[in-house]
Amino acid sequence: MKDKQKVELNKKIKNEIETLKRTVEELKETIDPVAPDDAIGRLSRLDTMLNQGINKSSISQSLDRIMKLGNALIRIDEDPFFGECQECGEQIPFARLIALPESRFCVDCAE
Ligand SMILES: [Zn+2]
C-alpha cells in the first residue's frame, strides 16, 4: 500500500472513531434508568425501556467497531501485510478498505 493511501486511511479511521464515540455518548444519555414514579405513564415507560434496550445494543456494537478500527490503525503502521487478504494474499481494493478499514479479507474471501 502506498504511503499516501495509508495516510488517507489513517485519517478516515480516526474520523470514524470520533463519530462513533460521539454516537456512543449520545446513546448513553438515553439509557438513564426510568424512574418508576415518572409522570410519563406506564405505556410510554415501557416504550422508553424498549428503546433503551435497542440503544444499549447499538452502544455495544459501536464500542466493538471502535475497537476493531483501533486495531486497524495499529496494523496500518505495524503490519507489513496490512491491506492484503488474510485468506488468499491478494491486495484488498483500496475502496473496500476505505469503506471497511477493519476488513482483513478481500470481497471474495469475506463471503
Ligand atoms: Zn481473498
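Anything mentioned here points back to the structure above.
Owing to the predicted nature of the structure, the values given are computational and were not obtained by experimental measurement. (Residues numbered from 1 in each chain as written. Predicted model: local features only at pLDDT ≥ 70, side-chain atom pairs only at ≥ 80, totals over all residues. Heavy atoms only, no water.)

Student: I'm lost on the coordination of the zinc ion in this one. Help?
Tutor: Each angle at a metal carrying four tetrahedral donors should ideally be 109.5 degrees, and each at a metal carrying six octahedral donors should ideally be 90 or 180 degrees. Around the zinc ion, the protein contributes the donor atoms Cys85 (SG), Cys88 (SG), Cys106 (SG) and Cys109 (SG), at 2.3 Å from the metal centre. Geometry at the zinc ion is tetrahedral, judged from its 4 donor atoms and the angles of 105 to 115 degrees they form at the metal. The sequence pattern formed by the donor residues of the zinc ion is C-x2-C-x17-C-x2-C. For Cys88, a relative accessible area of 39% puts it in the partly exposed group. (Donors = N, O, S within 2.8 Å, 3.2 Å for Na, K, Ca; no water. Tetrahedral: all angles 85-135°; square planar, octahedral: opposite > 155°, others 65-115°. Buried < 20%, exposed > 50% of the residue type's maximum accessible area, 1.4 Å probe, protein only.)

Student: I keep staring at the pattern of salt bridges and nothing clicks. Help me out?
Tutor: Inspection of the entire model under this criterion finds 4 salt bridges. Note that Lys68 and Asp64 form a salt bridge whose closest N and O atoms lie 3.4 Å from each other. Of this pair, Lys68 and Asp64 both sit in helix α2 (residues 42–78), separated by 4 residues, roughly a single helical turn. Between Glu102 and Arg65 there is a salt bridge, with the nearest N and O atoms lying 2.5 Å from each other. One end of the pair, Glu102, is in the loop between α3 (94–99) and α4 (107–110); the other, Arg65, is in helix α2, and 37 residues separate them in sequence. A single salt-bridge network, built from bridges that share partners, covers Lys12, Glu16, Arg65 and Glu102. (Salt bridge = Lys/Arg side-chain N within 4 Å of Asp/Glu carboxyl O. Helix = DSSP H or I, 4+ residues; strand = E, 2+ residues; numbered from the N terminus.)

Student: I keep staring at the nonpolar core and nothing clicks. Help me out?
Tutor: Within soluble globular proteins, side chains that are nonpolar generally end up buried alongside one another. Judged by nonpolar contacts, the single largest core of 18 residues is most densely connected at Leu9, Ile13 and Ile17. Put simply, the parts of the chain that give this core at least two residues each are α1 (3–30), α2 and α3. (Core = buried A, V, L, I, M, F, W, Y, C linked by side-chain atoms within 4.5 Å.)

Student: What am I meant to see in a negative patch on the surface here?
Tutor: Where like charges cluster on the molecular surface, the negative patch consists of Glu25, Glu26, Glu29 and Asp32. Take Glu26: it is sitting in helix α1. (Patch = residues over 30% accessible without salt bridge, like charges linked within 9 Å, V, L, I, M, F, W, Y side chains within 5 Å. Areas by Shrake-Rupley, 256 points an atom, 1.4 Å probe, with all protein chains shown as cover. Lys, Arg positive; Asp, Glu negative; His and termini not counted. Charge placed at Lys NZ, Arg CZ, Asp CG, Glu CD.)

Student: I keep staring at α2 and nothing clicks. Help me out?
Tutor: Residues spaced three or four apart along an α-helix face the same direction, because each turn holds 3.6 residues. With 37 residues, α2 ought to run about 54 Å at 1.5 Å a step, and its terminal C-alpha atoms sit 54 Å apart, in line with that. When α2 is considered as a whole, its buried residues turn out to be Gln52, Asn55, Ile59, Ser62, Ile66, Leu69, Ala72, Leu73, Arg75 and Ile76. Looking at the buried positions of α2, the neighbouring elements they touch are α1. (Expected span 1.5 Å × (residues − 1). Contact = heavy atoms within 4.5 Å.)

Student: Sorry, what's going on with the packing of α1 against α2 here?
Tutor: Between two packed helices, the angle of one axis relative to the other and the distance separating the axes together describe the packing. Packing of α1 against α2 leaves a shortest axis separation of 9 Å and a crossing angle of 160 degrees. By the angle between their directions, the pair α1 and α2 is classed as roughly antiparallel. The way α1 lies across α2 gives a crossing that is left-handed. (Axes fitted to C-alpha atoms, helices over the stretch in contact; angles between N-to-C directions. Parallel < 35°, antiparallel > 145°, perpendicular 65-115°, else oblique. Left-handed = near helix turned anticlockwise from the far one by under 90°.)

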